[in-house]
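One letter stands for each residue in the lines below.
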Amino acid sequence: MRLRRAFGLFTLHDEPVPPETEQLQREGHALLRGVFAGEELRALREEIEEIYATCPGDRRAGIVDDNAASAFRYQMYNRSARCQEAMGHPRILEVIEPLLGCDCHAINSTAWRNPAGLVDDPEAYYFWHIDGGPYVPRPPGLDWPDAIPYPIFVIGSHIFLEDCRLEDGPTTVVPTSHRSGELPPKALRYEEHLEYRGHGPVSLVAEAGDVAFFVSDVWHRRRLPTADSRGRFFLQTNYGRRDIAQRILTTEEVHHASEDALARATTPRQRTLIGIHPACYYDG
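Heads up: these notes are all about the structure in this document. All values reported here derive from a predicted model rather than from experimental measurement.

Structural notes on the packing of aromatic side chains
The full count for this structure, using the stated rule, is 9 aromatic pairs. Ring centres 4.7 Å apart and planes at 85° place the aromatic pair phenylalanine 72 and tryptophan 112 in the edge-to-face group. Taken as a pair, phenylalanine 72 in strand 4 (residues 72–73) and tryptophan 112 in strand 5 (residues 105–114) lie far apart in primary sequence, 40 residues in all. Note on phenylalanine 72: relative accessible area 14%, which makes it buried. Through a chain of ring-to-ring contacts, three or more aromatic side chains come together here, namely Phe72, Tyr74, Trp112, Phe160 and Phe234. Across from the ring centre of phenylalanine 233, 5.5 Å away, lies the NZ or CZ of arginine 113, which sits over that ring.

So, helix 1 (residues 19–27)
For helix 1, the full list of buried residues reads Glu20, Thr21, Leu24 and Gln25. Buried residues of helix 1, viewed axially, fall in a sector of 140°; they line one side. As for helix 1, its buried residues are in contact with strand 3 (29–32), helix 6 (90–100), strand 6 (154–160) and strand 9 (211–215).

Observations regarding the sheet that holds strand 10 (residues 220–222)
With antiparallel pairing, the 3 strands of this open sheet are ordered in space as 8-7-10. If you trace the sheet from one side to the other, it starts and ends with strand 8 (202–203) and strand 10, each paired once. Where strand 7 (residues 171–173) and strand 10 come together, 3 bridges link them in antiparallel fashion. If you follow valine 173 over to strand 10, its bridge partner there is histidine 220.

A few points about the sheet that holds strand 3
Sheet architecture is open: 6 strands sit in the order 3-9-6-11-5-4, paired in antiparallel fashion. The open sheet has two edge strands, strand 3 and strand 4, and neither has a second partner. Relative to strand 11 (residues 232–240), strand 6 runs antiparallel, the two being bridged by 7 bridges. In the sheet register, isoleucine 159 faces strand 11, and the bridge partner there is leucine 235. Sheet contacts for helix 1: strand 3, strand 6 and strand 9; angle to strand 3, the most-contacted strand, approximately 155°. Relative to strand 6, helix 6 is tilted by about 170°, and along the sheet it contacts strand 3, strand 6, strand 9 and strand 11.

Describing the environment of leucine 99
Mapped onto the secondary structure, leucine 99 falls in helix 6. What makes leucine 99 buried here is its relative accessible area of 3%. Separated by 95 residues in sequence, leucine 99 and arginine 4 have C-alpha atoms that sit 8.9 Å apart.

Regarding the nonpolar core
A general feature of soluble globular proteins is that nonpolar side chains tend to end up buried together. Ile48 and Phe213 are the most contacted members of the largest nonpolar core, which totals 34 residues. In this structure isoleucine 48 touches Met76, Cys83, Ala111, Leu161, Phe233 and Leu235, once residues within four positions along its chain are discounted. Residues Ala206, Phe214, Val218 and Phe234 belong to the second largest nonpolar core, which totals 9 residues.

Side note on helix 6
For helix 6, the set of buried residues is Ile92, Val95, Ile96, Pro98, Leu99 and Leu100. Looking at the residues trailing helix 6, positive phi occurs at glycine 101, about 100°.

Reading guide: rules and limits
Residues numbered from 1 in each chain as written. Predicted model: local features only at pLDDT ≥ 70, side-chain atom pairs only at ≥ 80, totals over all residues. Heavy atoms only, no water. Phe/Tyr/Trp six-rings, centres within 6.5 Å; stacked < 30°, edge-to-face > 60°. Helix = DSSP H or I, 4+ residues; strand = E, 2+ residues; numbered from the N terminus. Buried < 20%, exposed > 50% of the residue type's maximum accessible area, 1.4 Å probe, protein only. Lys NZ or Arg CZ within 6 Å of the ring centre and 35° of its normal. Arc of directions from axis to C-beta. Contact = heavy atoms within 4.5 Å. Pairing = 2+ DSSP bridges. Axes fitted to C-alpha atoms, helices over the stretch in contact; angles between N-to-C directions. Core = buried A, V, L, I, M, F, W, Y, C linked by side-chain atoms within 4.5 Å.

Here it is in structure tokens:
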């Protein structure tokens, strides 16, 4: 489904698109090789490292201690001109815009730096999940028709600042599972091997300067790192259709409610109704 905006509304087109766009539509993941290199990559990494050195980690959804928070730095395009430039790289946009529209935007902008070595509690984080959706939920057994390209609402990207090997615990996806309309099976959420329609897990092994993509409702997890893990270091941007709200800052910080409206919203549902949502999904 190749999209174009006309007068604020979507129309379809059949112009050629990169093979990575076709793979994202079909399988829910793709990888671009060598997007960043040399001085451009070195400068981007150094600017992000400087932010880690000067800005403390802040806690977002599900992060309850300073040690866990130290792995992340949020709102990176506000903090770094090079991050802002990187997330708009032409090779990235030419892959995602046919699926999200040429007016898609970044709904978050987060740097990740996972430590080297084994993890303390694998079951705390390393489970099969989706980041948002399913956007077209369906009961088991009701397949999406092949004649209609599955609609994509959010695409995540990882700009790798250093190599990510199997030993480092790369993001791992189950191809085509974004078409399922279902959550990953709860009984299998901690299993290393998970399949959908005969497709087994694919780990997004990458080199520094590569960019990985995955659709938000594809089943995915971080592969468990080994004792030889050197950790992971990447800039994550999730791009959403214009209709999807941004989560660069939490709604506690940025919203459209007046002080009077906030004072009148005394229950959780009244707060969410005026746009004050708990941090969740792309907020952290």
